[in-house]
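# A structural walkthrough
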Amino acid sequence: MALTPDAQAAPRPSARLLEVQARVIDLQNQAASAAEGAQEAKVRLGQLNQTLAGVQEKAAKQRAELEVIRKSLGSIALEQYKSSGLGQSLQLLFSSDPTAYLSSAGDLDSITRRRSVELRRYESATQKLRQTTLLVSDKAKLVRATQTRLEAQARAANAKLAEAEKLLKSLKASERKAFLAAQKRAEANDIASSRAEAKNYKSTSGRAGVAIRFALAQIGDRYVFGADGMQTWDCSGLTMRAFAAAGVALPHSSRAQFHYGRQIPRSQLRPGDLVFFKRPISHVGIYIGNGKMIHAPRPGSRVKIAPINQMRYAGAVRL
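Residues numbered from 1 in each chain as written. Predicted model: local features only at pLDDT ≥ 70, side-chain atom pairs only at ≥ 80, totals over all residues. Heavy atoms only, no water.

Helix and strand content of the chain: seven helices and eight strands. Per-residue burial over the chain gives 40% buried out of 319 residues. A separation threshold of at least 6 residues defines the contact pool for the chain, and within that pool the share at least 24 residues apart is 67%. Of the accessible surface of the chain, which amounts to about 17,700 Å², a share of 53% is contributed by carbon and sulfur atoms. (Helix = DSSP H or I, 4+ residues; strand = E, 2+ residues; numbered from the N terminus. Buried < 20%, exposed > 50% of the residue type's maximum accessible area, 1.4 Å probe, protein only. Contact = heavy atoms within 4.5 Å. Areas by Shrake-Rupley, 256 points an atom, 1.4 Å probe, with all protein chains shown as cover.)

Right, let's get into the packing of helix α5 (residues 206-216) against helix α6 (residues 235-244). Between α5 and α6, whose axes approach to 8 Å, the crossing angle comes to 130°. With respect to each other, α5 and α6 are oriented oblique. Relative to α6, the crossing made by α5 is right-handed. Touching Ala211, Phe214 and Ala215 of α5 are Leu238, Arg241, Ala242 and Phe243, all from α6. Partitioning the contact of α5 with α6 into residue classes produces six nonpolar, no polar and one charged. (Axes fitted to C-alpha atoms, helices over the stretch in contact; angles between N-to-C directions. Parallel < 35°, antiparallel > 145°, perpendicular 65-115°, else oblique. Left-handed = near helix turned anticlockwise from the far one by under 90°. Nonpolar A, V, L, I, M, F, W, Y, C, P; charged D, E, K, R; others polar.)

With that settled, consider the sheet that holds strand β4 (residues 274-277). Strand order across the open sheet formed by six strands is β3-β8-β4-β5-β6-β7, with antiparallel pairing between neighbours. If you trace the sheet from one side to the other, it starts and ends with β3 (262-263) and β7 (304-307), each paired once. In the packing of helix α4 (residues 173-199) onto the sheet, contacts are made with β5 (283-289), β6 (292-295) and β7, and the angle to β7 comes to roughly 95°. Along the sheet, α5 contacts β5, β6 and β7; its crossing angle with β5, the most-contacted strand, is approximately 110°. (Pairing = 2+ DSSP bridges.)

Another aspect to go through is the environment of methionine 230. Relative to the elements of secondary structure, methionine 230 occurs in the loop between β1 (222-223) and β2 (232-233). Measuring from C-alpha to C-alpha, the distance between methionine 230 and arginine 241 comes to 9.0 Å, with eleven residues separating the pair along the chain. In this structure, methionine 230 is in contact with Phe214, Gln218 and Asp221, ignoring residues within four places of it in sequence.

As a further point, take the nonpolar core. With 33 residues, the main nonpolar core has Phe243, Leu274, Phe276, Ile286 and Ile294 as its most contacted residues. Of all the secondary structure elements, the ones that give two or more residues to this core are α1 (15-83), α5, α6, β4, β5 and β8 (313-318). Beyond its immediate chain neighbours, meaning those up to four positions away, leucine 274 contacts Thr239, Phe243, Leu250, Gln257, Val284, Gly285, Ile286, Gly315, Ala316, Val317 and Leu319. In terms of nonpolar packing, the next biggest core, distinct from the first, is built from 14 residues, Leu66, Ala125, Leu129 and Leu150 among them. (Core = buried A, V, L, I, M, F, W, Y, C linked by side-chain atoms within 4.5 Å.)

The next point concerns the pattern of salt bridges. Under the counting rule described, the total for this entry stands at 13 salt bridges. Between arginine 255 and glutamate 40 there is a salt bridge, with the nearest N and O atoms lying 4.0 Å from each other. Taken together, the positions of arginine 255 in helix α7 (residues 254-257) and glutamate 40 in helix α1 put the pair 215 residues apart, joining distant regions of the chain. Judged by its relative accessible area of 24%, arginine 255 falls in the partly exposed class. Overall, glutamate 40 belongs to the partly exposed group, its relative accessible area being 21%. Here glutamate 57 ties to lysine 61 by a salt bridge, and the two come within 3.9 Å at their closest N and O atoms. (Salt bridge = Lys/Arg side-chain N within 4 Å of Asp/Glu carboxyl O.)

What follows covers the pairing of β5. Judged by how many residues are buried, β5 sits mostly within the fold: seven of seven residues are covered. Here β4 pairs with β5 via four bridges, running antiparallel. Looking across to β5, one finds that leucine 274 is bridged to isoleucine 286. Hairpin remark: β4 followed by β5, antiparallel, with five residues in the connecting loop; positive phi at lysine 278, about 75°. Bridge count between β5 and β6: three bridges; the pairing is antiparallel. Looking at β6, one finds that isoleucine 286 is bridged to isoleucine 294. Counted between consecutive antiparallel strands, the loop separating β5 from β6 contains two residues, among which asparagine 290 sits at a positive phi close to 55°.

This next bit is on the packing of aromatic side chains. Under the criterion given, the structure shown has four aromatic pairs. Measuring from centroid to centroid gives 6.0 Å for tyrosine 223 and phenylalanine 225, while their planes differ by 85°, and the two rings are edge-to-face. Seen from the ring of tyrosine 313, arginine 266 lies directly overhead, with NZ or CZ sitting 4.4 Å from the centre. (Phe/Tyr/Trp six-rings, centres within 6.5 Å; stacked < 30°, edge-to-face > 60°. Lys NZ or Arg CZ within 6 Å of the ring centre and 35° of its normal.)

Bringing the environment of alanine 41 into the picture now. Here alanine 41 lies in helix α1. Between the alpha carbons of alanine 41 and arginine 149 there is a distance of 6.6 Å; along the sequence they are 108 residues apart.

With that settled, consider the side chain of glutamine 39. With respect to the helices and strands, the residue glutamine 39 is situated in helix α1. With residues up to four places along the chain from it excluded, the contact list for glutamine 39 reads Gly226, Asp234, His252 and Ser253.

Another aspect to go through is α5. Taken together, the buried positions of α5 are occupied by Ala208, Gly209, Ala211, Ile212, Phe214, Ala215 and Leu216. Structurally, α5 contributes buried residues whose contacts are with α4, β2, α6, β5, β6 and β7.

The following block contains the structure:
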């Protein structure tokens with residue numbers, strides 16, 4: 001965004017106004033980066049919760065199996081008690097039928113062997129449950145830490161916007177009015193230019209073409225933290241939905257999207273590639289050719305076509 005009002009329509013902006021403009025844009029970009037950090041934490045949190053649920057289910061099954069073995073041991077112990085109320089030598093001494101007793105003693109040996117097998121099973125099952133329980137604890141800690149990170153990133157994003165708003169309020173009423181009017185004109189010019197370029201855009205084939213056409217259709221829509229359509233978007237929400245229209249599933253996070261597809265050198269970019277910006281990665285757009293992309297830039301701005309060299313380039317992937 002640049003304060004370039006028509007010379008006949010408005011006075012030349014003051015140095016103070018230009019300084020505020022640059023600072024507000026920087027804060028809005030920082031807010032967008034923090035919001036993308038929150039989205040990355042949100043995606044990670046979903047994955048961790050899914051893993052935790054699986055481990056908890058495994059632990060529940062292992063506890064049930066352990067209980068079955070415990071009951072089996074109890075029944076074996078009872079059976080053995082019934083079979084050996086007297087000592088074996090006394091039973092033989094007082095038995096009226098030694099052959100029958102010896103047969104019973106064989107049964108007792110069998111019971112003893114069964115108990116030994118069940119005890120080994122019990123020990124093994126107990127060890128497995130202990131390991132799974134520790135894993136549940138570890139995953140639960142990761143879930144809590146990721147939830148904390150998500151909340152911190154969201155607070156940081158809102159704090160940057162609040163700082164930008166405070167800066168705007170520090171302006172005189174006339175300066176603030178001039179700032180907002182210039183911002184509105186700049187956005188209107190960008191959107192008009194983007195729509196004209198989209199109208200004349202030569203379509204790309206395949207799923208890249210589907211994704212680009214979807215994104216171009218959203219030109220003029222507002223940027224909103226965490227939004228993924230159909231009237232408001234953040235950067236990764238737009239790319240996620242655009243490629244979903246082409247049958248490609250992506251997570252709602254620029255940092256996570258960077259690990260999908262095949263990484264491409266900047267010199268080999270072609271329309272439909274995802275282009276990423278900043279370190280750590282916190283912005284993404286869809287390359288459309290001629291050094292330009294379609295993207296949802298930041299708070300206070302709208303979906304538009306822009307040069308890819310306006311931000312610190314981080315890499316690209318082809319899906």
